[in-house]
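Coordinates in review
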Amino acid sequence: MLVTIFRGKFAFVLKVITLLILSSILVMLAQQALAQGEYVIAGFLALATFAINFIYLTKKSVPLKFFLPGLLFLLAFVVGPIAYTVTMSGFQYQTGNTLSKPEAIERLTALGVTQDPDQTIFDVTIGKTTNGELGLIYFDSLKNEFAISTESKRLPQFRAGIVFDDFDIPLRSPEFVELSTEELTNLDKEIPSLKFFYNDEYYLGLEGFQAASLYKQATRYDAVNDQFVSLLNGDIYSDNGKGHYANTKDPEDILQPGWRAPIWFENYAKLFSEERIRTPFIEVFIWTMAFAGLSVLTTFALGLLLALALNKPIRGRRIYRSILILPYAMPSVMSILIWGGMFNTEFGAINNLLGTEIAWFQSAAFARTAVILVNLWLGFPYFYLVASGALQAIPAELSEAAAIDGASPRQIFNKITLPLLLKILAPLLIASFAFNFNNFNLIFLLTGGGPINQLDGELAGATDILISYTYKIAFNEGSSNLGLASAISVLIFLLVASISLYGLKKSKVMEDLK
Amino acid sequence: MIKWLKGNLWRHSLAIIVALFSLFPLYLVIISSLNPTGSLNLTSFIPREISFVNFKLLFNDPRIPYLTWMRNSLVIAGAVAILSVTIGAASAFAFSRLRFKGKISGLKLLLLVQMFPAILAISAVYVIMERIQTFAPAIGLGTQPGLLLVYLGGAMGVNIWLLKGFVDTIPAELDEAAKVDGASPMQIYWLIFIPLATPVLSVVALLSFIGTFNEFILARLFLVDMADRTIAVGLQSFIGGQYSQNWGPFAAGSIIASVPIVIIFLSLQKYIINGLTAGSVKG
């Protein structure tokens, strides 16, 4: 009965219907992506649609029928982001440089205006003239007359025909009717870009729904030479190659906003050349290595000691074992938050127990101690478990033979057991180092990277490891720098990947592949 | 007696000291949850009074949508577990049982991809999801379906790798016999492999469930709305550094959230320890 589901017409119809539904969803998404100008995403979706139909409707490749779903997810959410990270690391991509260049030019043109010297402001009503043109009606306090301005002209009005609202602001006239609330709401998004004629020099720009000021263009975009020209003093702002238009007379005078500009390896270079970036980067790097190294060392030492102690069938071994793995069984996010509370200065259990009043997370040394201690609690059961397993795998004959030859237990451990254990566990020690190198949750949830020197406006704290520092650079409110953060990410990956590959070479995994 | 002391005393002492170290935070969080004053201030480590007021608060206080957070976590982690194993099993089967060109390079690539720590590409994922938001608001930044997609993609490498390891241990005789009888790879997969592999698949699904349940930073970055949050993000934002005020309800909440995970973990011990030596399973 079950077999028939996977055979014959029924199966084929089912397959075609599934493919049709999936394809139409993907195509719809691709169209929407295209409409928003997201060409890469649209292209990926289109290719995915094609691949799905091609693979499942032909018999070209049987393995791909099994691989395709997983492959598409890997491409979209792992390979894609990796490639994008590498790309971003080559760009000036930070607060102030988040737009594309055409978007930036549009914004600069809109922003490149100046008000009249008196900063005149009129109370206005938005409405339509009798021939349907959008316009404003207002009392012109400079010329002392009522007027209507549309995009192209300005018409003075007689007071007699004008209807006022409760605040004596003109509302309508024989030639003009105000917009309804609904029409105004629809207009909301266009408000900043609307311009109404005032005189040959100035135009009226809206400040919300009820006020307008006099503006004139102060800078003009010159598309031929790709530069902005100041209409006030003739200064020229040209593309400085780093995502800004800069004054040709003064490179420091740049127009905001800038755009995402390719700067190739400059983000990487900054890490080593720019003092303000280099110092914290190197400090964080050293602590990251120390933290990962100490974490592996302490968790391995305690785990191994326990494994040795419980390697003999002593009474209560099972009970010990089930208690000892509890820290590993707990969801680590919860454990870290619990430890955070225990280190609380006033009420925390640690100070309570020790009878001290240490502000654990206010001093670099104490905060670092706390981080290592918590990580020891979280990590030792892992090494207890794997070291127990490895001890079982070491043949008993070896130590027995040594004992017969008169070796002391200490000698047996130092010369036989430990070297063999290290050989078996080396790949896991390396993997643990790589894991702790990026142990974001521990740092972020326990100390938040602190303590931090608030005075110099630095982002990096005493317990920040590279990955939490990178996170701060990328998501810092006010001044995020995705380009620099991506460059550090790429460096971390190269480092961790080479450490891990080294570890894998030591293990059997690579040989098994052959 | 002397000999016993010499041989075993240090073993018991060490085990007892470390066991106390292991239990201390857990004991503390349990008595805090039962302490009616709800504060962290404990003059004694032995509870004087036992009450369930913190647990009641958790379920009745509108400031703490605890049940919603818990449901979000269970739904998201459950969906990731089921979907990622469904998708991953097919790839693992192909890697384990089919012969094709480029299999070894494929495995090496997979090995490399599954090593990549997802957190490194977090800003790229953020920007990509921000862009998806502009044309498909339902699956973009700030939505649970969007987070689900990112989780699925991020877990795929590890899951396929892990599944392949487990699948390799299932004897291939049955599907080879079926192949001799003329069954197609699809038929072998659905009719022979899947029924045989169900126990292994459920183990990986549960491991993936634990991993997702424990995920913090993507969830925090993605889910802004109070009612959308997962339990990890919810509880973290709830104490938000203000340990002294909300410690009691937090303790109660973290116990309830941890119990199912601890139970799953302990019952899967055997598989997890096997998996440990093959590569880390749980961070």
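None of the values given here were measured: they were computed from a predicted structure. (Residues numbered from 1 in each chain as written. Chains lettered and ligands numbered in written order. Predicted model: local features only at pLDDT ≥ 70, side-chain atom pairs only at ≥ 80, totals over all residues. Heavy atoms only, no water.)

All names here are of chain A. The positions UniProt marks with the feature "transmembrane region" (unreviewed entry) are residues 12-33, 39-57, 64-84, 284-310, 322-340, 360-385, 420-437 and 482-504. As annotated, residues 322-340 has a helix share of 84% and a strand share of 0%, and its two end C-alpha atoms lie 25 Å apart. Helix and strand shares over residues 420-437 are 100% and 0% respectively, and the end C-alpha atoms of the span are 26 Å apart. (UniProt positions renumbered as here; feature names shortened; annotations may be inferred. Helix = DSSP H or I, 4+ residues; strand = E, 2+ residues; numbered from the N terminus.)

Residues and elements named next belong to chain A. At their nearest, the axes of helix 8 (residues 275-309) and helix 13 (residues 364-393) sit 6 Å apart, and the two run at 45 degrees to each other. By the angle class used here, helix 8 and helix 13 are oblique. Judged by the sense of rotation from one axis to the other, the crossing of helix 8 with helix 13 is right-handed. Looking at side-chain class alone, the contact of helix 8 with helix 13 contains 17 nonpolar, seven polar and one charged residues. (Axes fitted to C-alpha atoms, helices over the stretch in contact; angles between N-to-C directions. Parallel < 35°, antiparallel > 145°, perpendicular 65-115°, else oblique. Left-handed = near helix turned anticlockwise from the far one by under 90°. Nonpolar A, V, L, I, M, F, W, Y, C, P; charged D, E, K, R; others polar.)

Which parts of space are left empty comes out when a probe the size of a water molecule is rolled across the atoms. As enumerated under the stated definition, the model contains two cavities of 30 Å³ or more in all. Approximately 50 Å³ is the volume found for the largest cavity. Around the largest cavity, the lining residues are Phe440, Ile467, Thr470, Tyr471, Ala474 and Ser489 of chain A together with Ile119, Leu120, Ile122 and Ser123 of chain B. Of all the elements in the fold, those that place two or more residues in the lining of the largest cavity are helix 17 (466-475) of chain A together with helix 5 (122-135) of chain B. (1 Å grid on protein atoms, 1.4 Å probe; cavity = no way out; pocket = protein on both sides within 12 Å on 5 of 7 lines; lining within 4 Å. Points joined across faces, edges and corners; volume = space filled by probe spheres on them.)

Take the nonpolar core next. Among the nonpolar cores identified, the biggest contains 204 residues, and Leu324 of chain A together with Tyr66, Phe222 and Ile231 of chain B are the most heavily contacted of them. Counting residues per element, this core draws most heavily on helix 13 of chain A, which supplies 16 residues. Other than its neighbours up to four places away in sequence, Tyr66 of chain B contacts Leu58, Phe59, Ile231, Leu235, Gly253, Ile256 and Ala257 of chain B. (Core = buried A, V, L, I, M, F, W, Y, C linked by side-chain atoms within 4.5 Å. Buried < 20%, exposed > 50% of the residue type's maximum accessible area, 1.4 Å probe, protein only. Contact = heavy atoms within 4.5 Å.)

Another point: the side chain of Thr49 of chain A. Residue and element names in this part refer to chain A. Within the secondary structure, Thr49 sits in helix 3 (residues 39-57). Here Thr49 falls in the buried class, since its relative accessible area comes to 9%. Those residues within four positions of Thr49 in sequence are excluded, and the remaining contacts are Ser23, Leu26 and Val27.

Any two side chains of opposite charge can pair, so long as their charged atoms come close to each other. Residues and elements named next belong to chain A. Taken as a whole and judged by the stated rule, the model has 15 salt bridges over all chains. Here Asp226 ties to Lys101 by a salt bridge, and the two come within 2.7 Å at their closest N and O atoms. Taken together, the positions of Asp226 in the loop between strand 13 (219-222) and strand 14 (227-230) and Lys101 in helix 5 (residues 101-111) put the pair 125 residues apart, joining distant regions of the chain. By relative accessible area, which is 23% here, Lys101 ends up partly exposed. A single salt-bridge network, built from bridges that share partners, covers Lys101, Asp226 and Asp239. (Salt bridge = Lys/Arg side-chain N within 4 Å of Asp/Glu carboxyl O.)

Okay, the domain arrangement of chain B next. Splitting chain B by domain gives domain 1 (2-55) and domain 2 (65-239). A straight line from the C-alpha centre of domain 1 of chain B to that of domain 2 of chain B covers 37 Å. (Domains from an automatic or database assignment.)

Pairing between sheet strands relies on hydrogen bonds along the backbone, with the strands arranged either parallel or antiparallel. Residues and elements named next belong to chain A. Taken in spatial order, the four strands of this open sheet run 13-14-15-16, and their pairing is antiparallel. The outermost strands of the open sheet, each flanked by one partner alone, are strand 13 and strand 16 (245-247). Neighbour-to-neighbour, the strand axes of the sheet open up by a mean angle of 30 degrees, direction not taken into account. One ladder, built from three bridges, connects strand 15 (residues 236-239) with strand 16; its direction is antiparallel. Its bridge partner being in strand 16, Ser238 is matched across the sheet by Ala246. (Pairing = 2+ DSSP bridges.)

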